[in-house]
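Read off the chains here:
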Amino acid sequence: NSMKKQFFLNLSLALLLCTGTTFAQRVDTVAVLSPSMHKTVKSVVVLPASYDQSPGKRYPVVYLLHGYNNRYDSWLRKTKPELPRTATAYGTIIVCPDGASSWYWDSPVDPKSRYETYVSTELVGCVDSLYRTIRSRCGRAITGYSMGGHGALWLAFRHPDVFGACGSMSGG
């Protein structure tokens, strides 16, 4: 009977400690209307755990571009499921846009494929309006893998007023 009482006391204490001060990261899926492509494009937005706890704070943003034949949620679903913990560790908002298989440029032959315009102007503007971001190039970085690495360099070099830092992982 004493052991049973001790077990329930320990269990109650453990549950109390677990619910006391934990803050969860938030993962949003946003659908942004692209006027240049006349369609809605999805993105995953990962907010650090401190986002909802610090209402006056502004956060830097990393735009993380996927590779060829992937999509907006590929980083979170299969490549880097620990992305929410990474956002919290670095106090950064991470945005993973859908880039289809566009190489993140405005197609010279298909006027409905304008992913350079979408990511560098339309998406950045939307993210800045929906979230408490640092709204300058000093608060924005862009990187990606494979096709996304190519896109990150392409967008950063062509839009230095938008992105203050860039990187490429095995950029195509």
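Everything discussed here concerns the structure shown above.
Remember, it's a predicted structure, so these values are computed and weren't measured experimentally.

Criteria and thresholds
Residues numbered from 1 in each chain as written. Predicted model: local features only at pLDDT ≥ 70, side-chain atom pairs only at ≥ 80, totals over all residues. Heavy atoms only, no water. Helix = DSSP H or I, 4+ residues; strand = E, 2+ residues; numbered from the N terminus. Buried < 20%, exposed > 50% of the residue type's maximum accessible area, 1.4 Å probe, protein only. Contact = heavy atoms within 4.5 Å. Areas by Shrake-Rupley, 256 points an atom, 1.4 Å probe, with all protein chains shown as cover. Core = buried A, V, L, I, M, F, W, Y, C linked by side-chain atoms within 4.5 Å. Pairing = 2+ DSSP bridges. Axes fitted to C-alpha atoms, helices over the stretch in contact; angles between N-to-C directions.

1. Some remarks on the overall build of the protein chain
Part 1 of the reasoning: When you go through the protein chain residue by residue, the secondary structure sums to five helices and six strands.
Part 2 of the reasoning: Evaluated residue by residue, the protein chain yields a buried proportion of 44% over its 172 residues.
Part 3 of the reasoning: Long-range pairs, those at least 24 residues apart, make up 67% of the contacts in the protein chain between residues at least 6 apart in sequence.
Part 4 of the reasoning: Accessible surface computed for the protein chain: about 9,500 Å², of which carbon and sulfur atoms make up 59%.

2. Considering the nonpolar core
Part 1 of the reasoning: Ranked by internal contacts, the top residues of the largest apolar core, which has 29 residues, are Tyr63, Ile93, Val95, Tyr118, Tyr131, Ile142 and Phe163.
Part 2 of the reasoning: Listed by contribution, the elements that provide at least two residues to this core are strand E1 (26–34), strand E2 (39–47), strand E3 (61–65), strand E4 (93–97), helix H4 (115–130) and helix H5 (147–158).
Part 3 of the reasoning: The leading source of residues in this core is H4, at seven residues.
Part 4 of the reasoning: Apart from the residues within four sequence positions on either side, Tyr63 is in contact with Val95, Leu123, Val124, Val127, Arg140, Ala141, Ile142, Thr143 and Phe163.
Part 5 of the reasoning: Listed in part, the 10 residues of the second largest apolar core include Val44, Tyr72, Leu76 and Ile94.

3. Points about the pairing of E1
Part 1 of the reasoning: Relative to E2, E1 is paired through nine bridges, and the arrangement is antiparallel. Looking at the pairing, Val27 lines up with Val46 of E2.
Part 2 of the reasoning: The turn joining E1 and E2, which pair antiparallel and follow one another in sequence, is formed by four residues; a positive phi near 55° is taken by His38.

4. Things to note about the sheet that holds E2
Part 1 of the reasoning: On the basis of which strands lie adjacent, the open sheet formed by six strands has the order E1-E2-E4-E3-E5-E6 and mixed pairing. Either end of the sheet is taken by a strand with one partner, and the two such strands are E1 and strand E6 (165–166).
Part 2 of the reasoning: Lying on the sheet, H4 is in contact with E1, E2, E3, E4 and strand E5 (140–144); it crosses E1 at an angle near 125°.
Part 3 of the reasoning: Packed onto the sheet, H5 meets E3, E5 and E6 and runs at close to 150° relative to E5.

Just geometry here; none of it tells us what the structure is for.
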